[in-house]
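Observations on the three-dimensional arrangement
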Amino acid sequence: MNKQEIYDYLDELDVFDYTVNDDLTVDGRYNVNLYNMIMEDELPFNFNHVKGIFEIDKNGLTSLKGCPKIVGNGFYCNDNLLTTLENGPVEVNGGYYCENNQLTSLEGSPKWVGGDFLCFNNYLTDLKGGPEYVGRDFFCHRNLLTSLEGCPKH
């Protein structure tokens, strides 16, 4: 995709207040809500930094490729077909919500999450690769847990 195609795509999805950078990544000044709007298995271009909430719930995504590296508030990828959190954000200052997927591992999750971390209703057998610090609540029920190894230290 070129710059104009990215602008057209985001305008069609009613995404506002963003910049398409020279490297074709997208920075969002506020929230980016792509709830039930993506028709592909992954995002069609790359986000870089979103200052507000980044929401990609209910899209049937199988990959987090293209997700922003930094999210200023909440990151929502619930109700997709994700088996891994690889290629997701490395920094989330708010909550991280990845429940109701097909996750078998938390590998790829950020090491630090400022708010809640919700990974319930997946296929996790342990918590390895998950965040080391969670600023609020950590919910991991409705999984196949046989070990709490990898549980956050804080």
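Below you will find a few notes about this structure.

So, about the side chain of Asn 101. For Asn 101, the location among the structural elements is in the loop between strand E9 (96-97) and strand E10 (112-113). Of the residues examined, Asn 101 reaches a relative accessible area of 5% and is grouped as buried. Polar contacts involving the side chain of Asn 101 include one to the main-chain amide nitrogen of Leu 82, which spans 3.2 Å. In this structure Asn 101 touches Cys 77, Asn 78, Asp 79, Asn 80, Leu 81, Leu 82, Asn 121, Asn 122 and Tyr 123, once residues within four positions along its chain are discounted.

Moving on, we come to the pairing of strand E4 (residues 47-50). Here three bridges tie strand E2 (residues 26-28) to E4, and the two strands are oriented parallel to one another. Its bridge partner lying in E4, Gly 28 is registered against Val 50.

Note on placement: Ser 109 falls in the loop between E9 and E10. Judged by its relative accessible area of 6%, Ser 109 falls in the buried class. There is a polar contact of 3.0 Å between the side chain of Ser 109 and the backbone oxygen of Leu 106. Separated by 2.9 Å, the side chain of Ser 109 and the backbone oxygen of Gly 129 make a polar contact. Look past the residues within four positions of Ser 109 in its chain and what remains in contact with it is Leu 85, Phe 117, Gly 129, Gly 130 and Pro 131.

Rules of the game
In every chain, residue numbers begin from 1 and rise along the written sequence. Given that this is a predicted model, residues contribute local features only at a pLDDT of at least 70 and side-chain atom pairs are listed and counted only at 80 or more, while totals for whole chains, interfaces and linings are drawn from all residues. Each side-chain value is derived from all of the structure's non-hydrogen atoms; neither hydrogens nor water enter the calculation. Runs of H or I in DSSP of at least four residues are treated as helices and runs of E of at least two as strands, each being numbered from the N terminus. For the exposure calls, accessible area comes from a 1.4 Å probe over protein chains only, and a residue counts as buried if that area is under 20% of its type's maximum, exposed if over 50%, partly exposed in between. Within 3.5 Å is the distance limit for a polar contact, defined as a pair of N or O atoms, with the added protein rule that one can donate a hydrogen and the other accept it, and that residues adjacent in sequence qualify only through two side-chain atoms. A contact between two residues is defined here by any heavy atoms of the two lying within 4.5 Å. Strands qualify as paired when DSSP identifies two bridges or more between them.

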